[in-house]
Amino acid sequence: MEPLTSKKKVLEQKPLTLAERMYLPAIAKGMSITISHFFKKEATIRYPEVEREFSTNFRGMHSLKRDEDGRERCTACGLCALSCPAEAITMIAAERKPEEKALYREEKYASVYEINMLRCIFCGLCEEACPKEAIYLDGPIVPADYLRKDFIYGKDKLVEAPLEKK
C-alpha cells in the first residue's frame, strides 16, 4: 500500500546526559511543582463549616408560597405538572369547604401535591408555568438521604411557613 503523502518525519534521538539518566532534573522539577502547591489558595471549600456562595440564578428545593393573608396560593390548575418534562409533579385537586376559607385562596386547592426529587431536573419550567406564582425553586440544596421514598416531598415539606402577624 502506498502512502498518501510523500512527507516523512525524521526522529533524532540524542543520547541522555549523566544527570538525565539519573532522573535528578525530573525529580527536582516534580518536587518544585509539589512545593509550589503548598503556597497556593485552597481549591476546596470546608463544608459544612463554610457555606458556598451560590449564583443569583441558583435553583434549589421547591417551595409552595403563601399570600399576604397566609393562604396557599396554589389553585391546583395542574400547569406545573403538565410543564414538567420529567413528570416529577403529581397533584390531586379538591374543593374548598366553607370552614377552610382562611387556608386556601380559591374554591379549588391541591389536597395532595407531591414532587419526586429523584426525577426532578430543576429546569424551572414549573415555576414559569404557574399563573398564581405559587411554586418557586428558591430553597436550599436538596438534602441527601438513604431511602427512595424519602425523596418524595409532599405539602408538609414544600409549603412555606405562614408569616407571623405583628
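Residues numbered from 1 in each chain as written. Predicted model: local features only at pLDDT ≥ 70, side-chain atom pairs only at ≥ 80, totals over all residues. Heavy atoms only, no water.

Enquirer: I'd like a description of the overall build of the protein, backed by residues and values.
Expert: Counting its secondary structure elements, the protein contains 5 helices and 5 strands. Counted from the first residue to the last, the protein has its helices and strands arranged as α-α-β-α-β-β-α-β-β-α. The C-alpha atoms of the protein give 30 Å as radius of gyration, which overshoots the globular expectation for 166 residues (15 Å, by more than 25%). When its C-alpha atoms are laid out on the principal axes, the protein stretches across 95 × 55 × 30 Å. The buried share of the protein, reckoned over its 166 residues, is 25%. By sequence separation, contacts in the protein at least 24 residues apart represent 70% of the contacts at least 6 residues apart. Total accessible area on the protein stands at roughly 13700 Å², and carbon and sulfur atoms take up 57% of it. The averaged location of the 27 negative side-chain charges in the protein is 8 Å from the averaged location of its 28 positive side-chain charges. (Helix = DSSP H or I, 4+ residues; strand = E, 2+ residues; numbered from the N terminus. Rg over C-alpha atoms; globule rule 2.2 N^0.38 Å. Buried < 20%, exposed > 50% of the residue type's maximum accessible area, 1.4 Å probe, protein only. Contact = heavy atoms within 4.5 Å. Areas by Shrake-Rupley, 256 points an atom, 1.4 Å probe, with all protein chains shown as cover. Lys, Arg positive; Asp, Glu negative; His and termini not counted. Charge placed at Lys NZ, Arg CZ, Asp CG, Glu CD.)

Enquirer: Which residues make up the sheet that holds strand E5 (residues 152-153), and what values go with them?
Expert: One open sheet holds the 3 strands; their spatial order is E2-E3-E5, and the pairing between them is antiparallel. Sheet topology places strand E2 (89-95) and E5 at the edges, where each strand pairs with a single neighbour. The pairing of E2 with strand E3 (residues 108-116) spans 7 bridges and is antiparallel. When the sheet's bridge partners are listed, Met-91 is paired in E3 with Tyr-113. (Pairing = 2+ DSSP bridges.)

Enquirer: Explain the pattern of salt bridges residue by residue, including any values.
Expert: In this structure the tally under the stated criterion is 10 salt bridges. Note that Asp-67 and Arg-71 form a salt bridge whose closest N and O atoms lie 3.2 Å from each other. Look at Arg-71 and you get partly exposed, because its relative accessible area is 22%. A salt bridge links Arg-71 to Asp-69; the nearest nitrogen and oxygen atoms lie 3.4 Å apart. Overall, the relative accessible area of 48% leaves Asp-69 in the partly exposed class. (Salt bridge = Lys/Arg side-chain N within 4 Å of Asp/Glu carboxyl O.)

Enquirer: Quick one: what's the story with the side chain of Arg-96, residue by residue and with numbers?
Expert: As for its position among the elements, Arg-96 is in the loop between E2 and E3. An unpaired buried charge is present at Arg-96: no salt bridge exists, and Glu-107, the closest side chain of opposite charge, is 4.2 Å distant. Reaching out from Arg-96, the side chain makes a polar contact with the backbone oxygen of Arg-105 at a distance of 3.3 Å. A distance of 3.4 Å separates a polar atom in the side chain of Arg-96 from the backbone oxygen of Glu-106. (Polar contact = N/O pair within 3.5 Å; in protein donor to acceptor, adjacent residues only side chain to side chain.)

In short, geometric facts, not functional conclusions.
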